[in-house]
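Structural overview for review
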Amino acid sequence: MDIYLTNNLTNKKEKFVPKDKKNIKMYVCGPTVYDDPHIGNARPLVIFDILFRLLKNEFNAVTYVRNITDIDDKIIESSKEQNISIKDLTENITKNFLDDCSYLNCESPTYQPKATEHIDLMIKMINELLKKGFAYENNKHVYFEVKKFSDYGKLSNKKLEDLIAGSRVEVSENKKNYEDFVLWKPSNEDEPSWDSPWGRGRPGWHLECSAMSKKFLGDEFDIHGGGIDLIFPHHENEIAQSRCANGTKNFANYWVHNAFITMSNEKMAKSQGNILKIKDFKKKINGQVLRLALMSAHYKQSLDWNDKLLLECQNTLEKWYLVYSDNLKITAKISDKILKPLYQDLNTPGYIANLHNLYEKAKKGKDKELFISACKFVGLLNENTEVWHKFKKDKASITEHEIKIKIELRNKARKNKDYNEADRIRDELLDKGVLIEDKDDTTLWKFK
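Here we summarise the structure given alongside this text. (Residues numbered from 1 in each chain as written. Predicted model: local features only at pLDDT ≥ 70, side-chain atom pairs only at ≥ 80, totals over all residues. Heavy atoms only, no water.)

Let us look at the overall build of the protein chain. Within the protein chain one finds 15 helices and 15 strands. Taken over C-alpha atoms, the radius of gyration comes to 24 Å for the protein chain, in line with the 22 Å a tight globule of 448 residues would show. Seen through its principal axes, the protein chain has C-alpha atoms that stretch 70 × 55 × 40 Å. Relative to its full complement of 448 residues, the protein chain shows a buried share of 52%. As displayed, the protein chain has an accessible area near 21,500 Å², and 45% of this comes from carbon and sulfur atoms. Separation of charge centres in the protein chain, based on 73 positive and 68 negative side chains, amounts to 5 Å. (Helix = DSSP H or I, 4+ residues; strand = E, 2+ residues; numbered from the N terminus. Rg over C-alpha atoms; globule rule 2.2 N^0.38 Å. Buried < 20%, exposed > 50% of the residue type's maximum accessible area, 1.4 Å probe, protein only. Areas by Shrake-Rupley, 256 points an atom, 1.4 Å probe, with all protein chains shown as cover. Lys, Arg positive; Asp, Glu negative; His and termini not counted. Charge placed at Lys NZ, Arg CZ, Asp CG, Glu CD.)

Here Glu360 is to be found in helix α11 (residues 348-362). Sequence separation of Glu360 and Trp320 is 40 residues, and the distance between their C-alpha atoms is 9.5 Å.

Here we come to α11. Its 15 residues place the ends of α11 20 Å apart at the C-alpha level, agreeing with the 21 Å of an ideal helix rising 1.5 Å per residue. Those residues of α11 lying buried are Thr348, Gly350, Tyr351, Ile352, Leu355, Leu358, Tyr359 and Ala362. For α11, the secondary structure elements touched by its buried residues are α1 (39-58), α8 (287-295), α9 (307-320), α10 (336-343) and α12 (368-377). (Expected span 1.5 Å × (residues − 1). Contact = heavy atoms within 4.5 Å.)

A word on the sheet that holds strand β7 (residues 181-186). Picture the strands of a sheet paired through backbone hydrogen bonds; they go either parallel or antiparallel. Here four strands make up an open sheet; going across it, the order is β5-β6-β7-β8 and the pairing antiparallel. Bordering the open sheet on either side are β5 (135-138) and β8 (201-203), each of which pairs with just one other strand. Geometrically, the sheet is characterised by an average inter-axis angle of 20° between neighbouring strands, direction not taken into account. The sheet contacts of helix α4 (residues 119-131) involve β5, β6 (141-144), β7 and β8, and relative to β7 the element is tilted by about 120°. (Pairing = 2+ DSSP bridges. Axes fitted to C-alpha atoms, helices over the stretch in contact; angles between N-to-C directions.)

In this section: helix α3 (residues 86-103). Compared with an ideal rise of 1.5 Å per residue, which puts 18 residues at 26 Å, α3 spans 25 Å between its outermost C-alpha atoms and is within 8% of the ideal. Of all the residues in α3, the buried ones are Ile86, Leu89, Thr90, Ile93, Thr94, Asn96, Phe97, Asp100, Cys101 and Tyr103. Residues of α3 that are buried sit in contact with α1, β4 (62-66), α2 (73-82) and α8. Residue Asn105 follows α3 closely and has a positive phi angle near 60°.

Judged by nonpolar contacts, the single largest core of 76 residues is most densely connected at Leu55, Leu104, Trp305, Tyr351 and Phe371. No other element matches α1, which puts 11 residues into this core. With near-sequence residues (within four places) excluded, Leu104 lies in contact with Ala42, Leu45, Val46, Ile278, Gly287, Leu290, Arg291 and Leu294. Listed in part, the 50 residues of the second largest apolar core include Tyr27, Ile119, Ile126 and Ala245. (Core = buried A, V, L, I, M, F, W, Y, C linked by side-chain atoms within 4.5 Å.)

Let us now look at the state of the cysteines. By definition, a disulfide links two cysteine residues through a covalent bond between their sulfur atoms. For the coordinates displayed, the defined rule picks out zero disulfides. Its sulfur unpaired, Cys29 is 3.9 Å from the next cysteine sulfur, which belongs to Cys209. In this model Cys244 remains outside any disulfide bridge; the closest cysteine sulfur is found in Cys209, 17 Å from its own. Classification of Cys244 as buried rests on a relative accessible area of 5%. (Disulfide = S-S within 2.5 Å.)

Another point: a positive patch on the surface. Side chains of Lys337, Lys361, Lys364 and Lys366 sit close together on the surface and give a patch of like positive charge. Counting through the fold element by element, Lys361 comes out in helix α11. On the basis of relative accessible area, Lys361 is assigned to the partly exposed category, the value being 42%. (Patch = residues over 30% accessible without salt bridge, like charges linked within 9 Å, V, L, I, M, F, W, Y side chains within 5 Å. Salt bridge = Lys/Arg side-chain N within 4 Å of Asp/Glu carboxyl O.)

Taken together, the three strands give an open sheet; going across it, the order is β12-β11-β13, and neighbouring strands pair in mixed fashion. Because the sheet does not close on itself, it has two edges, and the strands there are β12 (266-267) and β13 (303-304).

Let us now look at the environment of Lys282. With respect to the element layout, Lys282 can be found in the loop between β12 and α8. Lys282 gets classed as partly exposed once you look at its relative accessible area, which sits at 26%. Separated by 235 residues in the primary sequence, Lys282 and Ile47 have C-alpha atoms spaced 20 Å apart.

Right, dumping it as structure tokens:
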């Protein structure tokens, strides 16, 4: 069955035609390990994990690369703020990130290269750009000269002046032009640095992905993925420097980007003060609940994150586990009809609708193996019943009377517009294994 993906390079949904059917190649931008991942970071983890599973179902071999950026200005700033070494910070956050991936039941990529392990390749690429006249050195800095690349802005479908307007572009007297971006820069004495022809320093952020994708996937490959916020400047810059250094007409053939997660229809961001870290859910909610929630909207649409969404996903999985059997040997083949929504641009809501239909049959004793197999295909029902139910272990630690009192106090706080207190009570109940849902003028509750 043919796979269709929305390609941001053409702004169209296109049939996926691989460069080589014997080895599909996909690169997805991974984390910059300066802080623990949040729910917004979790969305591409799950979306591209599903795409990875789908590609493996259709093709014999898939090479999936997801980098780890372990040198960046944000990392340096965070290490100073926390008064810990960069090595300790990046190792700790990388471990937490990998734990989060496991919690969300994401399969491991084929390769997870770290930027600091490939500095030599970045220096080599910079030298190639200088040699070909696409970059210049000034005062121990090396910059890519954007005007030398005529296709700049093609991914964003905007002119250069429109991209630059209102964007956060580094201002520096070392640059020829405002829009030029850094390939190499000197480091201070207390910052990580490597020897280079331009003095001790470190690479620019954009260069890292170009060097690592080239090593593991070659000069051109099939799919490049990431969040929609990476289109400019990160992915535009990747395309420019990679095509110019490699001398190719293409870099990645399909550019796939997931939309933002919002809270109360506002983008989740530190500046908004609405960051929810993945680790904060681990003692409260099974990772499958988060995974199902992250699949509940199409990846091209924004997803509004709220307690009601989590409650609905919890209830859904609670029902589905009623027909799950630990001892059932899963051999059922999933038909094209069931898989079709995923082949049509990763339509996860459509696939979830198919799972609901299969569940209705399974609870009547029909096609139970098929239902479980279809759930496992997208990383659900991946734990035995004992593990699933252990998340209810705390429900005896609070009585029904205490729950009602807490809800009354929360409603009073909401009425007085003391939303911080209302959120604190909600989180306290969640810690005790109690999920609440505000419906009209009533607050409903249930144990997880």
